[in-house]
Amino acid sequence: MHFDFIQPNDGSKDVFVHATALEWAGMRGLAEGQEVSFDTTEDRRSGKIAVNNIETA
């Protein structure tokens with residue numbers, strides 16, 4: 001399994017992004033410092049906040 005974390009610009013807690021969210025967006029992964037826009041949802045399995053939709057900024 002591949003995953004990354006996104007650090008929001010507002011300084012809030014890092015957000016988990018799973019490989020499938022990246023694949024749906026046509027992305028292979030994230031580079032450190034890469035700017036993206038995204039929205040979040042609650043992960044059904046863990047109950048934690050995760051990226052739902054993501055795209056390059």
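This text gives an overview of the structure that appears in the document.

Conventions used here
- Residues numbered from 1 in each chain as written.
- Predicted model: local features only at pLDDT ≥ 70, side-chain atom pairs only at ≥ 80, totals over all residues.
- Heavy atoms only, no water.
- Phe/Tyr/Trp six-rings, centres within 6.5 Å; stacked < 30°, edge-to-face > 60°.
- Buried < 20%, exposed > 50% of the residue type's maximum accessible area, 1.4 Å probe, protein only.
- Helix = DSSP H or I, 4+ residues; strand = E, 2+ residues; numbered from the N terminus.

**Examining the packing of aromatic side chains**
Part 1 of the argument: The tally for this structure, following the rule as stated, stands at three aromatic pairs.
Part 2 of the argument: For the pair Phe3 and Phe5, a centre-to-centre distance of 5.8 Å together with 90° between the ring planes defines the contact as edge-to-face.
Part 3 of the argument: In this structure Phe3 comes out as partly exposed when scored by relative accessible area, which is 42%.
Part 4 of the argument: For the pair Phe3 and Phe16, a centre-to-centre distance of 5.5 Å together with 35° between the ring planes defines the contact as tilted. Of the two residues, Phe3 sits in strand 1 (residues 3-6) while Phe16 sits in strand 2 (residues 15-18), which places them 13 residues apart along the sequence.
Part 5 of the argument: The exposure class assigned to Phe16 is partly exposed, which follows from its relative accessible area of 25%.
Part 6 of the argument: These aromatic residues form a ring-pair network of at least three members: Phe3, Phe5 and Phe16.

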